[in-house]
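One-letter residues, chain by chain:
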Amino acid sequence: MKIFLDTANLDAIKKYNDMGLLDGITTNPSLLAKEGGDPQKTMKEISTIIKGDVSLEVVSTTYDGMIEEGKKLREYGNNVIVKCPMTGDGLRACKSLSVEGIPVNVTLVFSPNQALLAAKAGAKYVSPFIGRLDDIGHTGMDLIKEIKQIFTNYNFKTEILVASVRHPQHVVDAGKIGADVVTLPPAVLEKMLKHTLTDKGLKAFLDDWERLQAENPDLKA
Ligand code: G3P
């Protein structure tokens, strides 16, 4: 399973990239607004830092606008994936950009049929937002199961990119279903690497080493 970071925060991107954990990045206008500054500069920098796929979202809502914007975003790097919204114009733009060799991530997907249409339009990634479905009383992960089944039945190459992830259990569930990618807010990734028994075990090892040092004043680590 690939892990993407769902953020425009450069410090977080560098931190987890240095640990070798990141296969890519996803951003959106809200994540860029959260960081402030010049969004175009930020998107360009992210595309340079990360070698894997970096999803950058268009803000145009028309076909022509999305094509123009998508091509400009792609100039930031060959790893740029153009993120288009799940609309009629978005699917048309997805088809045209994909035919031209510019990969597309279709975002704001909330139903299996939307995912099917994105795959038909040639999307490289489809982004179902599971947390937002949980927020309105649905079980977002059921959507991932349904999309996985449909894509497997018909051998679609479009990758399922699980988005709007809220907690580490979402990642476990997505992995069990066989989703291709999870995109994680930094806080979720941080929680994944922690366990209270790891902290407790490490403290015990260090305390025991300290006792040995007290018995052996010349002992060095
Ligand atoms: O990439 C966008 C998606 O992950 C949105 O997440 O938390 O705003 O529902 P959220």
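Presented here is an overview of the structure given in this document. Residue numbers run consecutively from 1 along every chain, following the written order of its sequence. In keeping with the predicted nature of the model, local features appear solely for residues at pLDDT of at least 70, side-chain atom pairs appear and are counted solely at 80 or more, and the whole-chain, interface and lining totals rest on all residues. Note that the side-chain values use all heavy atoms of the structure and ignore hydrogens as well as water.

### Observations concerning the site of the ligand
The rule for a residue being near a molecule or strand is that one of its heavy atoms must lie within 4 Å of it. Taken together, Asp6, Asn28, Lys83, Phe129, Arg132, Ala163, Ser164 and Arg166 form the complete shell of residues around the ligand. Polar contacts here mean pairs of N or O atoms no more than 3.5 Å apart (in protein, one a potential hydrogen donor and the other a potential acceptor; neighbouring residues in sequence count only if both atoms are side-chain atoms). Within the side chain of Arg132, one N or O atom sits 2.7 Å away from an oxygen atom of the ligand. Here an oxygen atom of the ligand and a side-chain polar atom of Arg166 are 2.6 Å apart. We get accessible surface area from the Shrake-Rupley algorithm with a probe of 1.4 Å; when it comes to residues, only the shown protein chains can shield them. Surface burial for the ligand is 81%, taken as the share of its 300 Å² of free accessible area covered by protein chains. Partitioning the shell around the ligand into residue classes produces two nonpolar, two polar and four charged. Charged means Asp, Glu, Lys or Arg here, nonpolar means Ala, Val, Leu, Ile, Met, Phe, Trp, Tyr, Cys or Pro, and polar covers whatever is left, Gly included.

### Here we look at the pattern of salt bridges
Salt bridges are counted wherever a side-chain nitrogen of Lys or Arg sits within 4 Å of a carboxyl oxygen of Asp or Glu. Under the counting rule described, the total for this entry stands at 11 salt bridges. We note a salt bridge from Asp208 to Arg211, for which the minimum N-O separation is 2.2 Å. Of this pair, Asp208 and Arg211 are both found in helix 11 (residues 196-215), three residues apart, which corresponds to roughly one turn of the helix. In DSSP terms, a helix is any run of H or I states spanning at least four residues, a strand is any run of E spanning at least two, and both are numbered starting from the N terminus.

### A few points about unusual backbone geometry
One non-glycine residue, Leu108, lies in the positive phi region at around 65°. Its location among the elements puts Leu108 in strand 5 (residues 104-109). A positive phi is found at Asn155, a non-glycine position, where the angle reads about 55°. In this structure, Asn155 sits in the loop between helix 8 (140-153) and strand 7 (159-162). Working definition: with a 1.4 Å probe on protein chains only, accessible area under 20% of the residue-type maximum means buried, over 50% means exposed, and in between means partly exposed. Classification of Asn155 as exposed rests on a relative accessible area of 54%.

### As for the pairing of strand 4 (residues 80-85)
Side chains on a regular strand alternate between the two faces of the sheet. Among the six residues in strand 4, six count as buried, and that is most of the element. Of the two faces of strand 4, the one holding Val80, Val82 and Cys84 and the one holding Ile81, Lys83 and Pro85 are both buried throughout. At least two DSSP bridges between two strands are needed for those strands to be called paired. Where strand 3 (residues 53-57) meets strand 4, four bridges bridge the pair, whose relative direction is parallel. From the neighbouring strand, Glu57 faces strand 4, where its bridge partner is Lys83. The handedness of a crossover follows from its direction of travel: if, with the strands pointing away from the viewer, the path from the first strand over the helix to the second runs clockwise, the crossover is right-handed. Where the polypeptide runs from strand 3 across helix 4 (residues 63-74) and back to strand 4, its parallel neighbour, the crossover connection is right-handed. As judged from the four bridges shared by strand 4 and strand 5, these two strands associate in the parallel manner. What sits directly across from Pro85, in strand 5, is Thr107. Running through helix 5 (residues 88-99), the crossover from strand 4 to the neighbouring parallel element strand 5 is right-handed.

### A look at the sheet that holds strand 7
An order of 1-2-3-4-5-6-7-8 is seen for the eight strands of this closed barrel, with the pairing classed as parallel. With strand direction ignored, the average angle separating the axes of adjacent strands in the sheet is 30°. Of the strand pairs in this sheet, strand 2 (residues 24-26) and strand 3 are connected by three bridges, and their pairing is parallel. By the bridge assignment, Ile25 is partnered in strand 3 with Val54. Each axis is a line fitted through C-alpha atoms, and for a helix only the stretch in contact is used; angles between axes span 0 to 180 degrees, taken between their N-to-C directions.

### Here's the deal with the packing of helix 8 against helix 9 (residues 168-177)
Where helix 8 meets helix 9, the axes come as close as 10 Å, and the angle between the chain directions of the two elements is 15°. Overall, the two elements helix 8 and helix 9 adopt an arrangement that is roughly parallel. At the point where helix 8 passes helix 9, the crossing takes the right-handed sense. The residues of helix 9 that touch helix 8, namely those facing Met141, Ile144, Lys145 and Lys148, are His170, Asp173, Ala174 and Ile177. Broken down by class, the residue content of the contact of helix 8 with helix 9 amounts to four nonpolar, one polar and three charged. Here roughly perpendicular refers to angles of 65 to 115 degrees, roughly parallel to angles under 35, roughly antiparallel to angles over 145, and oblique to all remaining angles. Each crossing is labelled by how the near helix is turned from the far one, with a counterclockwise turn of less than a right angle marking it left-handed and a clockwise turn marking it right-handed. The contact criterion used is simple: two residues touch if any of their non-hydrogen atoms lie within 4.5 Å.

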